[in-house]
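# Overview (structure and organization)
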Amino acid sequence: MNVFKYSMGLFDRKNGAKMRRLFNKRKNSLDPMQEYVTVGEYHVDRAQHTPQGLPYNLTVYKDENDVLHQALSLESADNLAPEYVREFSPELERYRAFVNRKTGRRYIVEEYLDEFIKRVKERTHEGKNSVNVSVITDTHYKDSNSTDFYGWNGLTHVNEFSYLDDSGLLDLKVHLGDWIDGSDTGFLGESELIKLRDSFKSTKVPYLMIKGNHDENDKYDEHHDLKASFPENEFEKIMWPAMYAQPGMHYISRQHGVCYYDVDDIRFISVNTTDLPYILNAQGQKRYDAKITLAVREDQMEEIIEILEQSSNKSIVFMSHGNPINRKGSNALKYNGRSLHELLVAFNQGEKGQMHSSSGIPPEFRLANDFDFTNVKNARIIAYFCGHRHVEDQFRINGIQYILFNCSALMGPNHVLTTKYNKNWNRQIDHQTEFAGYVVNIDLHRHVIQAFGYGAASRRRIFYI
């Protein structure tokens, strides 16, 4: 037995030396502990960039499949159970980042977000009407262990985004939609939404859960030519009850995803741009594919009007997944995007009138809404936040500042679906470009909106109110 252990030890040291040469060749500097590839126990501390620089026991071992693992246990802890773990990825030819076994977060990401929070605090002012909103969008969570595109990393991004809740910085947090990729079975898609909901919701920060065009799971239906994999209102039943039940969250009904939340003199209003009728054909397939049919319908428009008519003395920020118009002012939804923008312009101008649909629109999407904003005083729509496009962009039309945020979902540079914007980031797993998120500061006294980004996002964008 001792001879066997000795021979195995020689093999591990030889194999470890081989792998260290590989790391030196690749100059991989994700963290200094990548070089520990020989089975054994080691003392590591600040010099090896341990969590908070504390002394840890590092254990390197192999599982039954001969895959290398690393585990970190605090030297001062009575319980030697590992706090952080990771495994070697043959595909990446390195270890993945350490993950906290309790929280599921990577400590290198938490440290990175600590620096991000510090940067935001240095460039913003506290006080009334200086409001901070954390924003994430397009996480595209799916059941795939992908290292260069959508996969399990979508849930990781939401979990790590929620780390910002503990900063004491936020007045509101928002997910702008496309929580899931919608390409797994209905059962898996429902499970994924539940995991995302539980990871996102907070007892410390109020939150908005906005629906995206992938959140109906229609991508799976399209690829498999099957009956609808989600029953009617499945996303709504899983995600919205917790959102609507929050103290201070106001709504007309709980049917459409429209609600509003006030922080000082700023009002945030959510809009659902995946507002479609659930109509099935004889084969049980949906008439309207949510991925490509973005729309806002009459009942939702009526709720928006009612909220706006009660918005005196408010500076208003709208939020939805899809942008209703593009930078040319044209309709960016399949139905009624331009109409929604014109309604917002009418509000800013204090007008009264009626909405009408263009000819040729299916009956399900026709509009006939009356509005009267003549009695609303000292109010203005100042901005509209969107995701969906997987880019950062902005345009100002009729005095309304549209701000588009980049996707948090990992988009590797070699995928056909990766936008040019994200190819330029050269996004990689376990690197700072893997994810993307924001804190947006709205300061009415300084008449400015600042969008601070982390990961594959601009460090700071400034928009004037």
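Keep in mind the model is a prediction, meaning the values are calculated, not measured. (Residues numbered from 1 in each chain as written. Predicted model: local features only at pLDDT ≥ 70, side-chain atom pairs only at ≥ 80, totals over all residues. Heavy atoms only, no water.)

Let's shift gears to the confidence of the model for the chain. Summary statistics for the chain give a mean pLDDT of 93 and a share of 94% for residues scoring 70 or more. For residues 1-12, every residue scores under 50 in pLDDT, and the model assigns this stretch 4 contacts once sequence neighbours within four places are set aside. Segment residues 19-29 is flagged for pLDDT under 50; beyond a separation of four residues in sequence, or across chains, it makes 18 contacts in the model. (pLDDT = per-residue confidence, 0-100. Contact = heavy atoms within 4.5 Å.)

One non-glycine residue, Glu 93, lies in positive phi territory at about 60°. Inspection of the secondary structure puts Glu 93 in the loop between β4 (84-89) and β5 (94-95). A residue is classified by how much of its surface remains accessible, and Glu 93, at 31% relative accessible area, is partly exposed. (Helix = DSSP H or I, 4+ residues; strand = E, 2+ residues; numbered from the N terminus. Buried < 20%, exposed > 50% of the residue type's maximum accessible area, 1.4 Å probe, protein only.)

Considering the arrangement of structural elements, one finds His 224 in helix α5 (residues 218-224). Assessed through its relative accessible area of 42%, His 224 is described here as partly exposed. Distance in space between the C-alpha atoms of His 224 and Thr 185 is 9.7 Å, their sequence separation being 39 residues. Of note is the side chain of His 224, whose polar atom sits 2.9 Å from the backbone oxygen of Tyr 220. (Polar contact = N/O pair within 3.5 Å; in protein donor to acceptor, adjacent residues only side chain to side chain.)

As judged from the 4 bridges shared by strand β10 (residues 260-263) and strand β11 (residues 266-270), these two strands associate in the antiparallel manner. What sits directly across from Asp 262, in β11, is Arg 267. In this structure, the hairpin formed by β10 and β11 is closed by a connection of 2 residues, where Asp 264 is found at a positive phi of approximately 55°. (Pairing = 2+ DSSP bridges.)

Another aspect to go through is the nonpolar core. Leu 164, Phe 268, Val 317, Met 319, Phe 385, Phe 405 and Ile 442 are the most contacted members of the largest nonpolar core, which has 62 residues in total. Beyond its immediate stretch of four places on either side in the chain, Phe 385 contacts Leu 176, Val 317, Phe 318, Met 319, Ser 320, Ile 403, Phe 405, Val 440 and Ile 442. Within the second largest apolar cluster, 35 residues are counted, among which are Leu 308, Val 345, Ile 381 and Tyr 402. (Core = buried A, V, L, I, M, F, W, Y, C linked by side-chain atoms within 4.5 Å.)

Next up on the list: a negative patch on the surface. A surface patch of like charges, here negative, comprises Asp 299, Glu 302, Glu 306, Glu 309 and Asp 370. Among the elements that make up the negative patch, the one with the highest residue count is helix α7 (residues 298-308) (3 residues). Note on placement: Asp 370 falls in strand β14 (residues 370-372). (Patch = residues over 30% accessible without salt bridge, like charges linked within 9 Å, V, L, I, M, F, W, Y side chains within 5 Å. Areas by Shrake-Rupley, 256 points an atom, 1.4 Å probe, with all protein chains shown as cover. Salt bridge = Lys/Arg side-chain N within 4 Å of Asp/Glu carboxyl O. Lys, Arg positive; Asp, Glu negative; His and termini not counted. Charge placed at Lys NZ, Arg CZ, Asp CG, Glu CD.)

Another aspect to go through is the packing of aromatic side chains. One pair of aromatic rings is described through two measures. These are the centre distance and the angle between the planes. With the rule as written, the count across this model stands at 26 aromatic pairs. An angle of 90° between the planes, with centres 5.5 Å apart, marks the rings of Phe 88 and Tyr 95 as edge-to-face. Accessibility assignment for this pair places Phe 88 and Tyr 95 in one class, buried. Note on Phe 200 and Tyr 207: the rings are 6.1 Å apart at their centroids and 85° apart in plane angle, and the pair reads as edge-to-face. Neither residue differs from the other here; Phe 200 and Tyr 207 are each classed as buried. Directly above the ring of Phe 200 sits Lys 173, whose terminal nitrogen or CZ lies 4.2 Å from the centroid. Stacked on the ring of Phe 405, the Lys or Arg Arg 461 has its end atom at 5.9 Å from the ring centre. (Phe/Tyr/Trp six-rings, centres within 6.5 Å; stacked < 30°, edge-to-face > 60°. Lys NZ or Arg CZ within 6 Å of the ring centre and 35° of its normal.)

Viewed as axis vectors pointing N to C, helix α3 (residues 153-161) and helix α4 (residues 186-200) meet at an angle of 15°, and their least axial separation amounts to 8 Å. With respect to α4, the element α3 is oriented roughly parallel. Crossing of α3 over α4 shows right-handed handedness. Counting all contacts with α3, which are made through Gly 154, Leu 155, Val 158, Asn 159 and Phe 161, the residues of α4 involved are Lys 195, Leu 196, Ser 199 and Phe 200. For the contact of α3 with α4, the residue count by class is 5 nonpolar, 3 polar and 1 charged. (Axes fitted to C-alpha atoms, helices over the stretch in contact; angles between N-to-C directions. Parallel < 35°, antiparallel > 145°, perpendicular 65-115°, else oblique. Left-handed = near helix turned anticlockwise from the far one by under 90°. Nonpolar A, V, L, I, M, F, W, Y, C, P; charged D, E, K, R; others polar.)

To continue, consider the sheet that holds strand β12 (residues 315-319). Within a sheet, neighbouring strands are paired by backbone hydrogen bonds and run either parallel or antiparallel to one another. The sheet built from 6 strands is open, its strands ordered β10-β11-β12-β15-β17-β16 with mixed pairing. The sheet terminates laterally at β10 and β16 (393-397), the two strands that pair on one side only. On average, adjacent strands in this sheet sit at an angle of 20° to one another, irrespective of strand direction.

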